[in-house]
Amino acid sequence: MTVGSLFPKKDDIFDFMPRLFDRDHELFSFGKHDSPKVDVKDKKDHYEIDAELPGFNKEDVVVEYKDHYLTIEATREQEVNVEEENFVRRERSTGSFKRQFFVGDVDESKITGTFNNGVLTLTVPKTKEDLAEDTGYRIELD
């Protein structure tokens, strides 16, 4: 065995560190940036927003519209208890996030949402004024 094989390669250091413990940490993370994956689609007469929220329950999620911004916020707490022959391990973790999206002036009473299998889907109808506005034009470059 060489000395080089005792240490992880530079590219592998972040993969190596979690293996020192166990994989329970993956329950508390969204990935590299600790932020849920969100898709925002413009469907002409409304916006459709899909947010992947694995591990969250519907009761953990709050959606609000205020001052032209749609806010998605969620908080959860988890506890891991492992009792084996010679040791007891107890870990607690909390996770939360908050994302805001500018959606403009919409009729907040017509915003609808569903939460199914860890995916939040929101439908945000545009106002008649937004639909009537010219969508702009392409600027030719010299």
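Keep in mind it's a predicted model, so treat the numbers as computed, not measured.

## Focus: the nonpolar core
In this structure, Leu53, Val61, Leu70, Ile72, Leu120 and Val124 are the most contacted members of the largest nonpolar core, which totals 17 residues. Taken together, the elements giving at least two residues each to this core come down to β2 (46-52), β3 (61-66), β4 (69-83), β5 (88-102) and β7 (119-125). Leaving out residues up to four positions away in the same chain, Leu120 has contacts with Ile49, Asp50, Ala51, Leu53, Val61, Val63, Ile72, Thr114 and Phe115.

## Overview of the packing of aromatic side chains
This model, assessed by the stated rule, comprises two aromatic pairs. An angle of 80 degrees between the planes, with centres 5.8 Å apart, marks the rings of Phe56 and Phe97 as edge-to-face. A residue pair is termed long-range when its members are at least 10 positions apart, and Phe56 in the loop between β2 and β3 and Phe97 in strand β5 qualify at 41 residues. Each member of the pair, Phe56 as well as Phe97, is classed as buried.

## Here we look at the sheet that holds β4
If you walk across this open sheet you meet the three strands as β3-β4-β5, and the pairing is antiparallel. Edge positions in the open sheet fall to β3 and β5, since each of these has one partner strand only. Going across the sheet, the axis of each strand differs from the next one's by a mean of 10 degrees, ignoring polarity. By the bridge criterion, six bridges tie β3 to β4 in an arrangement that is antiparallel. Bridging from a neighbouring strand, Glu64 pairs with Thr71 of β4.

## What to know about the side chain of Thr127
Inspection of the secondary structure assignment puts Thr127 in the loop between β7 and α2 (128-132). Judged by relative accessible area, which is 12%, Thr127 ranks as buried. Contacts of Thr127, omitting those with residues within four sequence positions, involve Asp105, Val106 and Asp107.

## Quick look at the confidence of the model for the protein chain
Taken as a whole, the protein chain shows an average pLDDT of 76; of its residues, 70% reach a score of 70 or greater. For the protein chain, helix α1 (residues 13-19) is the element with the lowest average pLDDT, namely 49, and strand β6 (residues 112-116) is the one with the highest, namely 95. When the criterion is pLDDT under 50, residues 16-33 qualifies, and its contacts beyond four places in sequence or with other chains add up to 21 contacts.

## Focus on the environment of Val106
Counting through the fold element by element, Val106 comes out in the loop between β5 and β6. According to the relative accessible area criterion, Val106 is buried, its value standing at 6%. Each C-alpha atom of the pair Val106 and Val124 lies 7.3 Å from the other, and the pair is 18 residues apart in sequence. Dropping the residues within four chain positions of it, Val106 is found in contact with Tyr65, Ile111, Val124, Pro125 and Thr127.

Here is what the cut-offs are and how they apply
Residues numbered from 1 in each chain as written. Predicted model: local features only at pLDDT ≥ 70, side-chain atom pairs only at ≥ 80, totals over all residues. Heavy atoms only, no water. Core = buried A, V, L, I, M, F, W, Y, C linked by side-chain atoms within 4.5 Å. Buried < 20%, exposed > 50% of the residue type's maximum accessible area, 1.4 Å probe, protein only. Helix = DSSP H or I, 4+ residues; strand = E, 2+ residues; numbered from the N terminus. Contact = heavy atoms within 4.5 Å. Phe/Tyr/Trp six-rings, centres within 6.5 Å; stacked < 30°, edge-to-face > 60°. Pairing = 2+ DSSP bridges. Axes fitted to C-alpha atoms, helices over the stretch in contact; angles between N-to-C directions. pLDDT = per-residue confidence, 0-100.

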